Amino acid sequence: MPALMRQLSGLAGCTTPIRLDGWRTEINESTGQVLHHLESAELPAGNLLLRCGNRRVTRCPSCAETYRRDTYHLITAGLIGGKGTPEAVATHPRVFATFTAPSFGPVHNRPTAGRCRCGTTHPADAPALGSPLNPDTYDYEAAVLWNAHAGKIWARFSIHLRREVAKRAGLTQREFKDFARISFGKVAEYQKRGAIHFHAVIRLDGPEGGDTVPPSWASAELLTDAIRAAARRTEIPGPLLSGREHRFAFGTQLDIRTIRSADFTGPVQITERAVAAYIAKYATKGAETAAGSLDRPVRFLAEIGHLDIPDHARRLIRTCWDLGADPELAELRLRAWAHMLGFRGHFSTKTRKYSTTLGALRTARAAWRRAQTLERLHGPDTPPTEETTLVIAHWAFAGTGLTPGETWLTAALQPAAGTEGEPTHG
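Thresholds applied
Residues numbered from 1 in each chain as written. Predicted model: local features only at pLDDT ≥ 70, side-chain atom pairs only at ≥ 80, totals over all residues. Heavy atoms only, no water. Helix = DSSP H or I, 4+ residues; strand = E, 2+ residues; numbered from the N terminus. Expected span 1.5 Å × (residues − 1). Buried < 20%, exposed > 50% of the residue type's maximum accessible area, 1.4 Å probe, protein only. Contact = heavy atoms within 4.5 Å. Pairing = 2+ DSSP bridges. Axes fitted to C-alpha atoms, helices over the stretch in contact; angles between N-to-C directions. Parallel < 35°, antiparallel > 145°, perpendicular 65-115°, else oblique. Left-handed = near helix turned anticlockwise from the far one by under 90°. Core = buried A, V, L, I, M, F, W, Y, C linked by side-chain atoms within 4.5 Å. Nonpolar A, V, L, I, M, F, W, Y, C, P; charged D, E, K, R; others polar. Phe/Tyr/Trp six-rings, centres within 6.5 Å; stacked < 30°, edge-to-face > 60°. Salt bridge = Lys/Arg side-chain N within 4 Å of Asp/Glu carboxyl O. 1 Å grid on protein atoms, 1.4 Å probe; cavity = no way out; pocket = protein on both sides within 12 Å on 5 of 7 lines; lining within 4 Å. Points joined across faces, edges and corners; volume = space filled by probe spheres on them.

The terminal C-alpha atoms of helix 9 (residues 311–323), which comprises 13 residues, lie 18 Å apart, in line with the 18 Å expected from a rise of 1.5 Å per residue. Every buried residue belonging to helix 9 is among His312, Ala313, Leu316, Ile317, Thr319, Cys320, Trp321 and Leu323, and all of these are buried. Contact partners of the buried residues in helix 9: helix 3 (140–168), strand 7 (235–241) and helix 8 (301–306).

Attention shifts here to the side chain of Thr85. With respect to the helices, strands and loops of the structure, Thr85 is situated in the loop between helix 2 (61–80) and strand 4 (94–99). On the basis of relative accessible area, Thr85 is assigned to the buried category, the value being 11%. Other than its neighbours up to four places away in sequence, Thr85 contacts Ala77, Tyr354, Ser355 and Thr356.

It is worth spelling out the sheet that holds strand 11 (residues 348–350) at this point. As summarised here, the arrangement of the six strands in space is 10-9-4-6-5-11, forming an open sheet in which the pairing is mixed. Two strands lie at the open edges of the sheet, namely strand 10 (270–271) and strand 11, each paired on one side alone. Looking at chain direction, strand 4 and strand 9 (residues 254–260) are connected through five bridges and run antiparallel. Paired with Val95 across the two strands is Thr258, which belongs to strand 9. Against the sheet, helix 2 touches strand 4, strand 5 (181–190), strand 6 (196–205), strand 9 and strand 11, its axis set at about 35° to strand 6.

Working note: regular strand, side chains alternate between the two faces of the sheet. Note: strand 1 (residues 18–28) against strand 2 (residues 34–39), five bridges, orientation antiparallel. Along strand 2, the bridge assignment pairs Glu26 with His36. What sits between strand 1 and strand 2 in their antiparallel hairpin is a turn of five residues, with Gly32 showing a positive phi close to 80°.

For the rest of this paragraph, the subject is the packing of helix 3 against helix 5 (residues 220–233). Packing of helix 3 against helix 5 brings their axes to within 8 Å, and their N-to-C directions diverge by 135°. As summarised for this structure, helix 3 and helix 5 are arranged oblique, according to the angle between their axes. In this structure, the crossing between helix 3 and helix 5 has a hand that is right-handed. Of helix 5, the residues touching helix 3 (which contributes Phe157, His160, Leu161, Arg163, Glu164, Val165 and Arg168) are Leu222, Leu223, Asp225, Ala226, Ile227, Ala229, Ala230, Ala231 and Arg233.

Core analysis: the biggest nonpolar cluster contains 71 residues, and Phe99, Phe157 and Ile202 have the highest contact counts within it. Those residues in contact with Ile202, other than ones at most four positions away along the chain, are Pro93, Arg94, Val95, Ala97, Phe99, Phe157, Leu161, Ile182, Ser183, Phe184, Leu223 and Ile227. Residues Leu74, Val187, Ile270 and Val275 belong to the second largest nonpolar core, which totals 18 residues.

Running from N to C, helix 1 (residues 2–9) and helix 11 (residues 404–413) cross one another at 70°; their axes reach a closest spacing of 10 Å. Relative to helix 11, helix 1 is oriented roughly perpendicular. For the crossing formed where helix 1 meets helix 11, the hand is right-handed. When helix 1 is examined against helix 11, the residues Leu4, Met5, Leu8 and Ser9 are found in contact with a partner set consisting of Glu406, Leu409, Thr410 and Leu413. Grouping the amino acids of the contact of helix 1 with helix 11 by side-chain chemistry returns five nonpolar, two polar and one charged.

This next bit is on unusual backbone geometry. Negative phi values dominate among residues other than glycine, just as trans dominates among peptide bonds. One non-glycine residue, Ser242, adopts positive backbone phi at about 55°. Position of Ser242 among the secondary structure elements: in the loop between strand 7 and strand 8 (244–249). Judged by its relative accessible area of 84%, Ser242 falls in the exposed class.

Bringing the packing of aromatic side chains into the picture now. Under the definition given, this model contains 15 aromatic pairs. For the ring pair Phe96 and Tyr278, a centre distance of 5.8 Å and an interplane angle of 85° mean the geometry is edge-to-face. Remark: Tyr278 occurs in helix 6 (residues 272–282) and Phe96 occurs in strand 4; sequence separation between them is 182 residues. Taken together, the aromatic side chains of Phe99, Trp146, Trp154, Phe157, Phe184, Phe198 and Phe250 make up a single cluster linked through ring pairs.

Applying the stated rule across the entire model yields 22 salt bridges. A salt bridge links Arg203 to Asp205; the shortest N-O distance between them is 2.7 Å. Assigned by exposure class, Arg203 and Asp205 land together as buried. Here Arg318 ties to Asp322 by a salt bridge, and the two come within 3.2 Å at their closest N and O atoms. Of the two residues, Arg318 and Asp322 are both situated in helix 9; the distance of four residues between them amounts to about one turn of the helix. Where salt bridges share partners, they join Glu164, Lys167, Arg168, Asp225 and Arg233 into one cluster.

Let us look at the layout of surface pockets. Taken as a whole, the second largest pocket encloses approximately 1,100 Å³ of empty space. Lining the second largest pocket are 32 residues, and of these Thr100, Asn109, Gln191, Arg193 and Gln253 sit closest to its centre. Elements with a minimum of two residues in the lining of the second largest pocket: strand 4, strand 5, strand 6, strand 9 and helix 6. For the lining of the second largest pocket, the element with the most residues is strand 9, which contributes three residues. The residue inventory of the lining of the second largest pocket, partitioned by class, reads 11 nonpolar, 14 polar and seven charged.

Honestly, that's just the spatial picture; any functional story needs more than this.
Right, here's the structure in full:
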């Protein structure tokens, strides 16, 4: 039992680990000595257990929490430095912007003043929120295609943004890259109505990114003005379906706030810590948490009618399925992404110079864990060695999940969840 508990504790609460059969051998290349040999059958659980790494909180809360904390660190590093990013980025002009989708028809909502258009004051947890007032006139086709093109819309916006900043600085496109660079980190979020919108930290740097000082003309006000102009200009063509030509652009609601330091003593619009926590929160959520959709793909048409989901989500999924049969829309893979209501982009993305990467954070955490394991096996005073270790291994997939007993033990081993970013020791 103690050995099984030690193996399960290494999952850190993962509820759907990957089970592997096989073996692993470590050999000293200089002497041929076998340093360590592991057989999966000899492990207490009978398999090697690996964390699933799923980012969705509905699939695995533990792995999703790790992903959320990594995203928190990634965004924070681009705001105040750390993890290989210079602290000077905290002095660069930066804003927090929210880009929404256009309207596809009136929906039940909670306006800041007055009542919903249906005449009711809905509570915050009302199931009707986000659903159409009249489903028969709601533009489900455009809603699904908007989600499918959201990534391309953002890419076009980023091009326009560089042009707008250059224009305000009196520079040409070619000259701009020699004076400044735009860096950003963003996350996609589903609104209650099932439409994607973006939250982004946008920063104005010197020509080499956060390592260089922005030019003297760079300011949060200039960046804000350029973002508004670029958002208005951004539009991409869509498909022609049944004689209807689709075109896609951002919605009219655009919120831009200057990011202040956490210790700023003047009027504070939004702080670095609040921004990082807000973005990280949405990195682990999908359509299933906002619109009541699914957290896994739909395999067959017959499934749609039997899904235990709101009717609005069902109609969006059905629209994806129907449009997915059109050969001209094959590249959108709407059936494969029907559970995502058509959206097929990455939930969190960033520019190369914004900050560290999720891969770097995971590598640092893995290195720290390896060092802890070596210290436990050989003691803290083990001198470093220059010898090369050859690793030979063979693993085969043996399933996923835990037995009922393993599930109980895993839950008992887990401490209460925190709310801050997880140290990555790197």
